[in-house]
Structures are given as structure tokens and as C-alpha cells.
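Observations on the three-dimensional arrangement
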Amino acid sequence: MNFTAIVPARAASTRLPDKPLLDIAGKPMVVRTAEQALKSGALRVVIATDDTRILDAAQSHGVHAVLTRRDHPTGTDRLAEAVDILGLPDDAIIVNVQGDEPLIDPALVRSVAELLSRTPEAAIATCAARITQAETLFNPNAVKVVLNAAGLALFFSRAPIPWARDAYGQTRDNILEKAQQALDDGLPALHHIGLYAYRAEFLRRFPALPEGHLEKRESLEQLRALEHGHGIAVHIADSHPAAGVDTREDLGRVRQVFANRL
């Protein structure tokens, strides 16, 4: 199957200014991410940016890049503009690979593209991994997802879902200990991994969809699709992927990984 990987990259970052341009073993981070995405077997990989410096850096390393507007509220909106710039047909499949993921697993990129291709009832495909630690289940920064019998998302939440009522009892005493036992006993709790595949037709329509009430409450953009009746297929990964780069410590860790490879 053919699919396109698009890497949205903007220079503005509160923690790491000019993050896409930070050097990793002699190349900008966003270029390293694009090179990793290319290993997935994507027909092409394109960086979509609002900064001419990122555009120039990509092109100087032989990576296709397009310049988008600066006023996009989300990376998905930037993706939609890139789809139009590239003139992709409505049935084209696009995987959104974040520009700060230089260690992204190429097999995972391909898996979400293939899942969307074989799931016509879904507008989006994403992935998740099993939660094994109670601390993760109760961490609001770890987004959880529950699925229906067909593997489509029912809901995404920062709350601990599903709630194991009988295991937790009537009080919250020793809740983490009880939750850990429930997980060990097979509670189907899933940690959402923020990698998405879309059909071009849906991406073109997504920016016009009004923000939903659940999206506002949870601050989770994918809930907009669910609230408007669009299916999201979920691939279950065998393990959690390597973390992206959000801090200086993350950057040092990734640089060490590339140094060891070289």
C-alpha cells in the first residue's frame, strides 16, 4: 500500500526554542525524524513548516518540505494545508509524524497506515499500548482509550478508564494498590500513543468541524472526531515507543542513542 508521512514542524517552543533545528549527530532533529519515517516504506515523507529556516534545513538535506501558514491552531490544521499544497487525492492516506520524534518506530508508522487502509469505517487510525502500572492509569498526562469489539475507539480520557468498580470497592483507600492488582488480573487499560493516520478527505474537512464539549473539557483534539461521528481505529502495539524530545534531558538522551549507533 502507498501512504504519505507528513512531519509538521514549527520553530516556536517554550521549553526548547527552535526545537526542530536542534542538532542530533550532525543533522537537525526534524531531518532525523523524517529519515526515520522514510524507513516505514512511505511513498514519500514531507516536512510541513511555518519557518523558512526549517524549510531550508530540510531541503539542504534532501528532504521534501512545504511552507505553511503561521496561524494554524493545531498540527492537524497544518497537515490539512499541506495536503492541499501537495494536491493529494481524497483517498490518500497520510500519517502525521511529530517533528520531535527522531526515534519513532518505522514499523509503528506503517502499522497505523495499514490499519486505516483496511478499516473503511474509520476516518482516523491511531495506536495504544497496554498499561501495566497503576501510576500510569491514574496519571492525567497519560491519555487512556477504551475500544469497542471491532477495535474502534469509544472514548479517550485523562481519567483512569475503564473503571474497575468491583476491584476498587466502595472507597478510594489503597486505590493504587487495588488498581495494580486489577491490571495484573487483566484490566484492559490502554495508554494512547499520539501517532495518527488520516484520509486526505477527512483532513480537508477537519478544520471546519466545531470544537466539541468533550474536547474542551479533556483538552484532547481526537475527541472532536468522535463527537462528530467519525470512527477511530486503534492499533495495539506490543510495547511503548521511545519518548519524543520535550526537554534538554530528552535531547541529551536522544543524542546519546545516535552517538551509540554511529
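Quantities reported herein were computed from a predicted structural model and do not represent experimental measurements. (Residues numbered from 1 in each chain as written. Predicted model: local features only at pLDDT ≥ 70, side-chain atom pairs only at ≥ 80, totals over all residues. Heavy atoms only, no water.)

Bringing the packing of aromatic side chains into the picture now. In total, this model carries six aromatic pairs according to the counting rule given. Arranged with centres 6.3 Å apart and planes meeting at 50°, the rings of Phe138 and Tyr168 form a pair that is tilted. You can see Phe138 sitting in the loop between α5 (134–137) and β8 (144–147) and its partner Tyr168 sitting in helix α6 (residues 165–168), a full 30 residues away along the chain. Of the residues examined, Tyr168 reaches a relative accessible area of 1% and is grouped as buried. One aromatic cluster is present, built from ring pairs that chain together Tyr196, Tyr198, Phe202 and Phe206. Sitting above the plane of the Phe258 ring, Arg261 keeps its charged end 5.0 Å from the centroid. (Phe/Tyr/Trp six-rings, centres within 6.5 Å; stacked < 30°, edge-to-face > 60°. Helix = DSSP H or I, 4+ residues; strand = E, 2+ residues; numbered from the N terminus. Buried < 20%, exposed > 50% of the residue type's maximum accessible area, 1.4 Å probe, protein only. Lys NZ or Arg CZ within 6 Å of the ring centre and 35° of its normal.)

By the definition in use, this model includes 15 salt bridges. The closest approach of N and O atoms between Asp71 and Arg69, which form a salt bridge, is 2.8 Å. When its relative accessible area of 54% is taken as the criterion, Asp71 is described as exposed. Given a relative accessible area of 44%, Arg69 falls into the partly exposed group. Salt-bridge contacts for Arg110 lead to Glu114; the nearest nitrogen and oxygen are separated by 3.0 Å. (Salt bridge = Lys/Arg side-chain N within 4 Å of Asp/Glu carboxyl O.)

Here we take up the pairing of strand β11 (residues 231–237). Within β11, five of the seven residues are buried, which leaves it mostly tucked inside the rest of the structure. Summarising the sheet, strand β7 (residues 122–130) and β11 pair through seven bridges and their orientation is parallel. Looking at β11, one finds that Ala128 is bridged to Ile236. (Pairing = 2+ DSSP bridges.)

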